[in-house]
Amino acid sequence: IVLLTTASLALAEKAKQLTDIVGKKEFVTYCGSCHGSDGKGDGPIVDFLERKPPSLTQLSKNNNGTFPFERIWGVFDGTYIFAEHGTSEMPIWGYRFVQEAQQKHESDIATKAKAKALDIVLYLQVIQE
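In this numbering scheme, every chain counts its residues from 1 along its sequence in written order. Since the coordinates come from a predicted model, pLDDT governs what is reported: local features require at least 70, and pairs of side-chain atoms require 80 or more to be given and counted, while whole-chain, interface and lining totals use all residues. As a rule here, side-chain values come from all non-hydrogen atoms in the structure, and water together with hydrogens is ignored.

Asker: Outline the side chain of Gln 58, listing residues and values.
Answerer: The secondary structure listing takes helices from DSSP runs of H or I that are at least 4 residues long and strands from runs of E that are at least 2 residues long, numbered from the N terminus. With respect to the helices and strands, the residue Gln 58 is situated in the loop between helix 2 (32-35) and helix 3 (69-77). Each residue's exposure class comes from its accessible area (1.4 Å probe, protein chains only) as a fraction of the maximum for that residue type: buried when under 20%, exposed when over 50%, partly exposed otherwise. Taking relative accessible area as the criterion, Gln 58 reaches 17% and is therefore assigned buried. The term polar contact refers here to a pair of N or O atoms within 3.5 Å; inside protein, the definition further demands a hydrogen-donor-capable atom paired with an acceptor-capable atom, and it admits residues adjacent in sequence only when both atoms are side-chain atoms. Within the structure, Gln 58 has its side chain in polar contact with the side chain of Glu 129 (distance 2.7 Å). Every residue pair with non-hydrogen atoms within 4.5 Å of one another is taken to be in contact. In contact with Gln 58, not counting residues within four places along its chain, are Gln 128 and Glu 129.

Asker: Describe helix 3, with residues and values.
Answerer: Residues of helix 3 that are buried: Ile 72, Gly 74, Val 75 and Phe 76. Elements that come into contact with the buried residues of helix 3 comprise helix 4 (93-103) and helix 5 (109-126). At the C-terminal side of helix 3, Gly 78 shows a positive phi close to 85°.

Asker: Before we move on, could you go through unusual backbone geometry and cite the residues and values that matter?
Answerer: With phi around 55°, Asn 64 is a residue other than glycine that occupies positive phi space. Following the sequence through the fold, Asn 64 ends up in the loop between helix 2 and helix 3. With a relative accessible area of 77%, Asn 64 lands in the exposed category.

Without other data, these values stay purely geometric and don't point to any function.
What follows is the structure in C-alpha cells.
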C-alpha cells in the first residue's frame, strides 16, 4: 500500500509538472493577452477591453472550493458563455482550435483541438489559489 501510494504521488507530481509546461504554454498563447501570463486578469490588452478579465486563479475559491471543470470546458466548446464576456470578446476556443488544425492539415482534427483545450483547462486547475 505504501509503495502504491508513493508511486501514485510521484505520478501525480509528474502530471502536474507536464501540465505546468504544456498547459501554461497553450494558456499564454491563447489566453495570456487578456488574462495575463499568470491568469490573474492583467494581460497586456486589458486596457482595450470593455470589461476587465477576471482572475482565473480564483475559479475554485468562487465555486465553494471545487474547480468548475464542466463549466470551464463549456467555455471551450461554446456551451457555456460567461456574462462578463458580453457577446464576442472571448472567442469559442474549441472552434478556433479546430480551424487551426484544419489550416495545418493535421489528422484527427477534433482530437487535437480537444487536447489543446484540455491542456488549458488542466493548467487552470493547477493554478488555483
